[in-house]
Amino acid sequence: MAALGVSIGYLAVDMLHKAQTWHLQVAFFLGLAGLVIAMAAFLAPGALGGFALGVAAAIFFWGMPKKKKEEEQQQQS
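Residues numbered from 1 in each chain as written. Predicted model: local features only at pLDDT ≥ 70, side-chain atom pairs only at ≥ 80, totals over all residues. Heavy atoms only, no water.

A. Broad picture of the overall build of the chain. A tally of helices and strands in the chain yields four helices and zero strands. If you list the helices and strands of the chain from N to C, you get α-α-α-α. Split into buried and exposed, the 77 residues of the chain put 17% on the buried side. Carbon and sulfur atoms make up 70% of the accessible area of the chain, which totals about 5900 Å². (Helix = DSSP H or I, 4+ residues; strand = E, 2+ residues; numbered from the N terminus. Buried < 20%, exposed > 50% of the residue type's maximum accessible area, 1.4 Å probe, protein only. Areas by Shrake-Rupley, 256 points an atom, 1.4 Å probe, with all protein chains shown as cover.)

Here is the structure:
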């Protein structure tokens, strides 16, 4: 379930970044929230916890803003 959470989290973050309008961003967010709510109703707590950890890791890893190389070089100097 953690691997499924990472993959779905990555897809959600990627689609949120690629969405051109706020309508699509809201749809993707509500879709992910609806999936988590449905899983809470039908899955065991351990499976839901693994999925939630996977989604959280994906959002944390791929959702953070990236530093540009110029900014990194200035900070190192």
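B. Spatial organisation of helix α1 (residues 2-18). Spanning 17 residues, α1 covers 24 Å between terminal C-alpha atoms, matching the ideal 24 Å at 1.5 Å per step. Every buried residue of α1 is accounted for by Gly 5, Gly 9, Ala 12, Val 13 and Asp 14. In this structure, the buried side of α1 is in contact with α2 (22-42) and α3 (45-63). (Expected span 1.5 Å × (residues − 1). Contact = heavy atoms within 4.5 Å.)

C. A look at the nonpolar core. With five residues, the main nonpolar core is built from Ala 12, Leu 32, Met 39, Phe 51 and Val 55. Going through the elements one at a time, α2 and α3 are the ones with two or more residues in this core. Sequence-distant contacts of Met 39, that is, excluding residues within four places in its chain, are made with Met 1, Leu 4, Leu 48 and Phe 51. (Core = buried A, V, L, I, M, F, W, Y, C linked by side-chain atoms within 4.5 Å.)

D. Structural context of the packing of α1 against α2. In contact at an axis separation of 9 Å, α1 and α2 are set at 160 degrees when each is read in the N-to-C sense. By the angle class used here, α1 and α2 are roughly antiparallel. Taken as a pair, α1 and α2 cross one another with a handedness that is left-handed. In contact with Leu 4, Ile 8, Ala 12, Met 15 and Leu 16 of α1, α2 contributes Gln 25, Phe 28, Leu 32, Leu 35 and Met 39. (Axes fitted to C-alpha atoms, helices over the stretch in contact; angles between N-to-C directions. Parallel < 35°, antiparallel > 145°, perpendicular 65-115°, else oblique. Left-handed = near helix turned anticlockwise from the far one by under 90°.)

E. Layout of a nonpolar patch on the surface. Together, Tyr 10, Leu 11, Phe 61 and Trp 62 make up a nonpolar patch on the protein surface, roughly 420 Å² of accessible area in all. Tracing the backbone shows Leu 11 in helix α1. (Patch = residues over 30% accessible without salt bridge, like charges linked within 9 Å, V, L, I, M, F, W, Y side chains within 5 Å. Salt bridge = Lys/Arg side-chain N within 4 Å of Asp/Glu carboxyl O.)

F. Seen up close, the packing of α1 against α3. Where α1 meets α3, the axes come as close as 7 Å, and the angle between the chain directions of the two elements is 40 degrees. The orientation of α1 relative to α3 falls into the category oblique. Here the hand of the crossing between α1 and α3 comes out right-handed. Facing Ala 2, Leu 4, Gly 5, Val 6, Ile 8, Gly 9, Tyr 10, Val 13 and His 17 of α1, the residues of α3 in contact are Gly 50, Phe 51, Gly 54, Val 55, Ala 58, Ile 59, Trp 62 and Gly 63.

G. Inspection of the packing of aromatic side chains at higher detail. A complete count under the given rule lists two aromatic pairs for this structure. Their ring planes at 65 degrees and their centres at 4.9 Å tell us that Tyr 10 and Trp 62 sit as a pair that is edge-to-face. Residue Tyr 10 is located in helix α1, and its partner Trp 62 is located in helix α3; the two are separated by 52 residues in the primary sequence. Taking relative accessible area as the criterion, Trp 62 reaches 31% and is therefore assigned partly exposed. Consider the rings of Phe 61 and Trp 62, whose centres lie 5.1 Å apart with planes at 85 degrees: the pair is edge-to-face. Judged by its relative accessible area of 58%, Phe 61 falls in the exposed class. Put simply, the rings of Tyr 10, Phe 61 and Trp 62 pair up and form one aromatic cluster. (Phe/Tyr/Trp six-rings, centres within 6.5 Å; stacked < 30°, edge-to-face > 60°.)

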